[in-house]
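The lines below spell out each chain.
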Amino acid sequence: MSTETEQSTQLHGGRLVAKRLKAHGVTKLFTLSGGHLFSIYDGCREEGIDLVDVRHESAAAFAAEGWAKVTRQPGVAALTAGPGVTNGMSAVASAQQNGSPMLVLGGRAPAMRWGQGSLQELDHVPFMRPLTKFAATPEATAEIPALVDEALAAAVTPHSGPAFVDFPMDVVFSEAPEPQEPDPLPDAAAGPVPDVARAVALLSDAERPVIMAGTNLYWGHGEEALVALAQELGIPVFLNGLARGCVPADHELFFSRARSNGLKGADVALVIGVPMDFRLGFGQSFGEETELVVIDRAEPLREHPRAVAAELYGSIPGILDALRSEAAPGADTAEWVRTLRAAEDDKRAAERAELDDDRAPLHPMRLYRDLGELIDRDAIVIGDGGDFVSYAGRVVDTYQPGCWLDPGPFGCLGSGPGYALAAKVAHPDRQVVLLVGDGAFGFSGMEFDTFARLGINVVAVMGNNGIWALEKHPMEFLYGYSVAAELRPGTRYDQVVEALGCHGELVERPADLKPALERAFSAGAPALVNVLTDPDVVYPRRSNLA
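In what follows, the accompanying structure is described. Just so you know, the residues in each chain are numbered from 1, in the order the chain's sequence is written. Two thresholds apply to this predicted model, a pLDDT of at least 70 for residue-level local features and 80 or more for giving and counting side-chain atom pairs, whereas whole-chain, interface and lining totals are computed over all residues. Only hydrogens and water are set aside; all other atoms, that is, all heavy atoms of the structure, feed into the side-chain values.

On to a nonpolar patch on the surface. Together, Phe477, Leu478, Tyr479, Tyr481 and Val483 give the surface a local cluster of nonpolar side chains, amounting to about 650 Å² of exposed area. Starting at the N terminus, helices and strands are each numbered in turn, a helix being any DSSP run of H or I of at least four residues and a strand any DSSP run of E of at least two. Relative to the assigned elements, Phe477 resides in helix 21 (residues 469-479). Think of a patch as exposed residues, more than 30% relative accessible area, with no salt bridge, where like charges cluster within 9 Å and nonpolar side chains (Val, Leu, Ile, Met, Phe, Trp, Tyr) cluster within 5 Å. Shrake-Rupley sampling with a 1.4 Å probe provides the accessible areas, and residues are treated as covered by the protein chains on show and by no other component. Should a side-chain nitrogen of Lys or Arg be within 4 Å of a carboxyl oxygen of Asp or Glu, the pair is scored as a salt bridge.

Put into structure tokens, the structure is as follows:
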């Protein structure tokens, strides 16, 4: 498909795409086969980019986002025209709200026949543009490399997020000269370091400081600077989103259960890389008198819901290092830390009864107790579900960055198998554990066929309570009844995955759980442990969703 002349090398559009991806460090392309993409597949084959193919385009797009989450490099998916692209839109929206750098390559009906009713003819760009940082269609083959460069640069530039380029068949199958090598993508940790004097003054006077950090701390590679700052000034740390693991769960300054005590009781809070959305009570999770210092990679996309005392935007590592080096020794925080540690210990002790609960069907907390004894310190744990994963978020400890993946604020069920696929492809020697609700399994359970076919030895643990608990319990609280909240009790999802070539286990009693988990981890195959959990257990929900 290519010819050489004295003047230039002519390459078809798919090869131009692949060479650009390779030049920017892309090694995997997640996809589901489609004729509009053949040229791109051929280019990837020539350039040594692995094709990882799935059973539904949403899984391909979620895998691209998952790749970004576990590697902090752009994930790339290729989706065929029309329904292929629309099937991936939820993952694109998820990436937008998570700030995940990813690139979706779309097929497109040929430009020469546009408007005449070609197969799967659809103009994707108008509805992709509101969900992405960049969305475009090349009009000529020679435009392809620059558009791929621009899309990837947009995806990684703060605030990072998804980008989209689709390729008309006639354009991507035609040839054009190979251009020069591209410029490198922006450095995720780079950026300006603004004047930190106001924040330093606040910290110097603080007697009860806290740090509340979130996903953009992770995208900005700020974990080492965060730990150094916290240790230097003795500041307790709370984490959410992808920041989980940026301070190890067993660090003396890390807290999770005492978050309400810490945020409400703080006189100064460093709010790093996390929006004050529903997860922080739209700012009301902090005390009324708490002075807020907002630190992020770029200016916020929406206004803060409450007044802040200082704002610092740019390089998160640079800003945190500047605060550490310039902040004068303030008040001794040892008593403040001891107060929070006592609250943390009390709340952990209060969980003991649930962790030791011997009921059958099981309490989710009992499940997580036994699972916690078997997962490695660097295991990548992925949550895909409602109440079942809410319990996991409370009690599953994370020790390294990029080891906890959940849907994030978009809350899209079905993301888990794609995330798990990407995590295991990126880190084949590490445990990858997928925590999945029986409801969430219905969105993308066929990806267990992908796991078996590709040898992706993920261990999935299902909380199977036969209901949509996230909706059933609140609706019954509000109205005294529930509708559209029932699933089939006791469905043998373990047998479903066995039919797809995986290892399956059914657990009905607590005593059988740990042996089943041990068999799953040693099975040498993808596995699902189907644990029947008590539908009467109600997660104690506190978040104000709207």
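On to the side chain of Glu223, then. Summarising the element assignment, Glu223 is placed in helix 11 (residues 223-233). Polar contacts, as counted here, are pairs of nitrogen or oxygen atoms within 3.5 Å of one another; within protein the pair requires one atom able to donate a hydrogen and one able to accept it, and residues that are adjacent in sequence qualify only if both atoms are side-chain atoms. For Glu223, the side chain forms a polar contact with the side chain of Arg72, separated by 2.8 Å. With near-sequence residues (within four places) excluded, Glu223 lies in contact with Arg72, Leu217, Cys246 and Pro401. Working rule for contacts: check all heavy atoms of both residues, and any pair within 4.5 Å makes them a contact.

Structurally, Gly220 can be placed in the loop between helix 10 (215-219) and helix 11. Relative accessible area decides the class of each residue, using a 1.4 Å probe on protein chains only: under 20% of the type maximum gives buried, over 50% gives exposed, and in between gives partly exposed. Residue classification places Gly220 among the buried residues on the basis of a relative accessible area of 1%. Taking the C-alpha atoms as reference points, Gly220 and Leu532, 312 residues apart in sequence, are found 40 Å from one another. Sequence-distant contacts of Gly220, defined by excluding residues within four places in its chain, comprise Ala188, Ala189, Arg297 and Pro317.

Attention now moves to the sheet that holds strand 12 (residues 268-272). In this scheme, strands are said to pair when DSSP sees at least two bridges between them. Strand order in the open sheet formed by five strands is 11-10-12-13-14, and the pairing between neighbours is parallel. With one partner strand each, in any of the chains shown, strand 11 (237-239) and strand 14 (310-313) form the two edges of the open sheet. Here the average twist between neighbouring strands, direction ignored, is 15°. With four bridges connecting them, strand 13 (residues 291-296) and strand 14 associate as parallel partners. Only the contacting stretch of a helix is used when fitting its axis, a line to C-alpha atoms as for every element, and angles between N-to-C directions run 0 to 180 degrees.

Considering all chains together, one arrives at 35 salt bridges under this definition. Salt-bridge contacts for Glu178 lead to Lys19; the nearest nitrogen and oxygen are separated by 3.3 Å. Pair noted here: Glu178 is in the loop between strand 9 (175-177) and helix 9 (197-205) and Lys19 is in helix 1 (residues 13-23), with a separation of 159 residues, a long-range link. Here Glu178 falls in the partly exposed class, since its relative accessible area comes to 32%. Residue classification places Lys19 among the partly exposed positions, given a relative accessible area of 23%. Here Asp356 makes a salt bridge to Arg369, at a shortest N to O gap of 2.9 Å. Within this pair, whereas Asp356 is found in the loop between helix 15 (352-355) and helix 16 (364-372), its partner Arg369 is found in helix 16, the two being separated by 13 residues in sequence. When its relative accessible area of 33% is taken as the criterion, Asp356 is described as partly exposed. Here the residues in one salt-bridge network are Arg352, Asp356, Asp358, Arg366, Arg369 and Asp370, joined through shared partners.

It is at 10 Å that the axes of helix 18 (residues 416-426) and helix 20 (residues 447-454) come closest, and there the two elements cross at 15°. One element, helix 18, and the other, helix 20, form an angle in the roughly parallel class. With respect to the hand of their crossing, helix 18 and helix 20 are arranged in left-handed fashion. Where helix 18 abuts helix 20, its residues Pro417, Ala420 and Leu421 lie against Glu447, Thr450, Phe451 and Leu454. Residue composition of the contact of helix 18 with helix 20, grouped by class: five nonpolar, one polar and one charged. Note that the term roughly parallel is reserved for angles under 35 degrees, roughly antiparallel for angles over 145, roughly perpendicular for angles of 65 to 115, and oblique for everything else. Crossing chirality is assigned from the near helix's rotation relative to the far helix, an anticlockwise turn below a right angle marking it left-handed and a clockwise turn marking it right-handed. Any residue outside Ala, Val, Leu, Ile, Met, Phe, Trp, Tyr, Cys, Pro, Asp, Glu, Lys and Arg is labelled polar, Gly included; the first ten of those are nonpolar and the last four are charged.

Ordered by their spatial adjacency, six strands build an open sheet running 16-15-17-18-20-19, and the pairing between neighbours is parallel. Edge positions in the open sheet fall to strand 16 (404-405) and strand 19 (503-507), since each of these has one partner strand only. Where strand 19 meets strand 20 (residues 527-532), five bridges bridge the pair, whose relative direction is parallel. Across the sheet, residue Val507 finds its bridge partner in strand 20, namely Val531.

Where burial is concerned, most of strand 5 (residues 75-79) is hidden: five out of the five residues are buried. Neither face of strand 5 is left uncovered, since the one carrying Gly75, Ala77 and Leu79 and the one carrying Val76 and Ala78 both have all their residues buried. Here strand 3 (residues 28-31) runs beside strand 5; their pairing, made up of two bridges, is parallel. Pairing of Phe30 across the sheet is with Ala77, part of strand 5. Judged from the five bridges that link them, strand 5 and strand 6 (residues 102-108) form a sheet pairing that is parallel. Within strand 6, the residue paired with Ala78 across the bridge is Leu105.

Turning to helix 18, a few remarks are in order. With nine of its 11 residues buried, helix 18 lies for the most part within the structure. Every buried residue belonging to helix 18 is among Gly416, Pro417, Gly418, Tyr419, Ala420, Leu421, Ala422, Ala423 and Lys424, and all of these are buried.

Now for unusual backbone geometry. Trans is the prevailing form of peptide bonds, just as negative phi is the prevailing case for residues other than glycine. Here the amide bond leading from Pro158 into His159 is cis, since omega sits at -15°, within 30 degrees of zero. Turning to its location among the elements, His159 is positioned in the loop between helix 7 (144-156) and strand 8 (162-168). A positive phi angle, close to 55°, is found at Ala484, a residue other than glycine. Using a relative accessible area of 77% as the deciding quantity, one classes Ala484 as exposed.

On to the packing of aromatic side chains, then. Aromatic contacts are taken between Phe, Tyr and Trp rings whose centres are within 6.5 Å, Trp giving its six-membered ring; a plane angle under 30 degrees counts as stacked, one over 60 as edge-to-face, and the others as tilted. A complete count under the given rule lists 11 aromatic pairs for this structure. Taken together, a centroid distance of 6.2 Å and an interplanar angle of 55° make the contact between Phe30 and Trp67 tilted. With Phe30 in strand 3 and Trp67 in helix 3 (residues 57-71), the pair connects residues that are 37 residues apart, well separated along the chain. One exposure class covers both Phe30 and Trp67, and it is buried. Summarising the aromatic geometry, the rings of Phe448 and Phe451 are spaced 5.1 Å apart at their centres and angled 70° between planes, so their arrangement reads as edge-to-face. Here Phe451 and Phe448 lie together in helix 20, a separation of three residues that amounts to about one turn.

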